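# Descriptive structure summary
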Amino acid sequence: MPVSSDVDRSESAPDGPALPINELFASLQGEGKLAGVPSTFVRTSGCNLRCWFCDSYHTSWDPTHAWMGVDELVDDVEARDPDHVVLTGGEPLVHDESATLLRELDERGYHVTVETNGTVVPDAPMDLASVSPKLSTSTPTPANAPEGVDVGEWEARHEERRIDLDPLSTLVERHDFQLKFVVTGPDDMPEIESLLDDLRGVAAAEIRDADVLLMPEGQTREQLAATRNVVADLAVEHGYRYTPRLHVDLWNDAPET
Ligand SMILES: C[S@@+](CC[C@H](N)C(=O)[O-])C[C@H]1O[C@@H](n2cnc3c(N)ncnc32)[C@H](O)[C@@H]1O
Ligand SMILES: Nc1nc2[nH]cc(C(=O)O)c2c(=O)[nH]1
Ligand code: SF4
Ligand SMILES: [Mg+2]
């Protein structure tokens, strides 16, 4: 079973560089090129987008966290002695202190994947930029919003912010990367193709079809059962990779997995 953190977390920010942390746990990387690899996950809280389907509600729509100092985070990671670390969120790169954490982890030789929506570029090392640009089908509306949520200004704000070719091209130029699209159905494909055309037009880095991964939308096994085969067929048809959501298959929507 995944292993959660036993570190004491304070309610207020400690002195020195610190991050709002929603959860810290050991699991298997569930998504992407490294699916199946044992990894320690650091999940920050807070996001600049509001996908209606966000599977980390308590980092976006209703952010909850405790503050942890970067030193404390590094100690917690070191105590687990992983080869692979995953920094995720929320959107980890909205926090300047994520760059500090990434430098510290890099100095210690961990392989670090950063899960990001691709709207922010850090000045920091990472071994795999796992970029998940958000399609128009991610935009929240009063009709698709999570129960009890007032979408308010987020429909327009999300729509305005979700794609920015500048950070996307910088991320793929500076780092090993994967582009991991959350796919709800066949209608998403023209938008993916058009974004790839645009990105290939501006980025000074090769974007191979093998760097493009289609991931079925779904927070639960039940929801994935309705999307995974449709998305797998789209991957075959278009020559992109399919990525499972292994953690959902194994542990459904349990926290800290
Ligand atoms: C919670 S996000 C955090 C990182 C960053 N904010 C992002 O969106 O890439 C982690 C990953 O989960 C994916 N994700 C979130 N909700 C999902 C859902 N309902 N179905 C499939 N993937 C989802 C995101 O696209 C991203 O690849
Ligand atoms: N096991 C597992 N693998 C993951 N890969 C990316 C995740 C994320 O939330 O960013 C994630 C996650 O939440 N759990
Ligand atoms: S960008 Fe990532 S964390 Fe933010 S709302 Fe979308 S899926 Fe959730
Ligand atoms: Mg997740």
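Let me sum up the structure you'll find in this document. Predicted, not measured: the structure shown is a model, and the values here were computed from it. (Residues numbered from 1 in each chain as written. Chains lettered and ligands numbered in written order. Predicted model: local features only at pLDDT ≥ 70, side-chain atom pairs only at ≥ 80, totals over all residues. Heavy atoms only, no water.)

### What about the packing of helix H4 (residues 165–174) against helix H5 (residues 189–202)?
Quick note on the threshold: Between the N-to-C directions of two axes lies an angle of 0 to 180 degrees, each axis being a line fitted to C-alpha atoms and, for a helix, fitted only over the stretch in contact. A run of H or I in DSSP becomes a helix once it reaches four residues, and a run of E becomes a strand once it reaches two; helices and strands are each numbered from the N terminus. Just so you know how the angles are binned, under 35 degrees is roughly parallel, over 145 roughly antiparallel, 65 to 115 roughly perpendicular, and the rest oblique. By definition, turning the near helix anticlockwise from the far helix through less than a right angle yields a left-handed crossing, and turning it clockwise yields a right-handed one. Throughout, a contact is declared for two residues whenever any of their heavy atoms are within 4.5 Å. Under the scheme applied here, ten amino acids are nonpolar (Ala, Val, Leu, Ile, Met, Phe, Trp, Tyr, Cys and Pro), four are charged (Asp, Glu, Lys and Arg), and all others, including Gly, are polar.
At a closest axis distance of 10 Å, the pairing of H4 and H5 adopts a crossing angle of 65°. Classified by the angle between their axes, H4 and H5 sit roughly perpendicular to one another. Taken as a pair, H4 and H5 cross one another with a handedness that is right-handed. Here H4 contributes Leu165, Leu168, Ser169 and Glu173 to the contact with H5, which in turn contributes Leu195, Asp198, Leu199 and Val202. For the contact of H4 with H5, a count of residues per class yields five nonpolar, one polar and two charged.

### Topic: the site of ligand 2
The cut-off we apply is this: In these notes, residues near a molecule or strand are those with any non-hydrogen atom within 4 Å of it. Contacts described as polar in this section are N or O atom pairs within 3.5 Å, which, within protein, must combine one atom able to donate a hydrogen with one able to accept it, while residues neighboring in sequence count only if both atoms come from side chains. Using protein atoms alone on a 1 Å grid, points that fit a 1.4 Å probe yet trap it form a cavity, whereas open point sets bounded by protein on both sides within 12 Å along at least five of seven lines form a pocket; residues with an atom within 4 Å of a point count as lining. Throughout, a molecule is located in a cavity or pocket provided that more than half of its atoms lie within 2 Å of its grid points.
Taken together, Ser27, Leu28, Gln29, Gly30, Glu31, Phe41, Arg43, Thr88, Glu115, His247 and Thr257 make up the full set of residues near ligand 2. One nitrogen or oxygen atom from the main chain of leucine 28 is found 2.7 Å from a nitrogen atom belonging to ligand 2. Residue glutamine 29 places a side-chain N or O atom 2.5 Å away from a nitrogen atom belonging to ligand 2. The site holding ligand 2 turns out to be the largest pocket. Breaking the shell around ligand 2 down by element, the ones donating at least two residues are strand E2 (18–28) and strand E3 (38–44).

### Details of the site of ligand 3
Neighbouring ligand 3 are the residues Cys47, Leu49, Arg50, Cys51, Cys54, Ser60, Gly90, Asn117 and Lys134. One can see that ligand 3 is located within the largest pocket. When grouped by side-chain class, the residues that make up the shell around ligand 3 number four nonpolar, three polar and two charged.

### Focus on the packing of helix H1 (residues 70–80) against helix H2 (residues 97–107)
Axis separation between H1 and H2 bottoms out at 10 Å; the angle between their running directions is 40°. Here H1 is positioned oblique relative to H2, judged by the angle of their axes. In this structure, H1 crosses over H2, and the sense of that crossing is right-handed. Only Glu97, Thr100, Leu101, Glu104 and Leu105 of H2 make contact with H1, whose side of the interface consists of Val70, Leu73, Val74 and Val77. Taken together, the residues that form the contact of H1 with H2 break down as six nonpolar, one polar and two charged.

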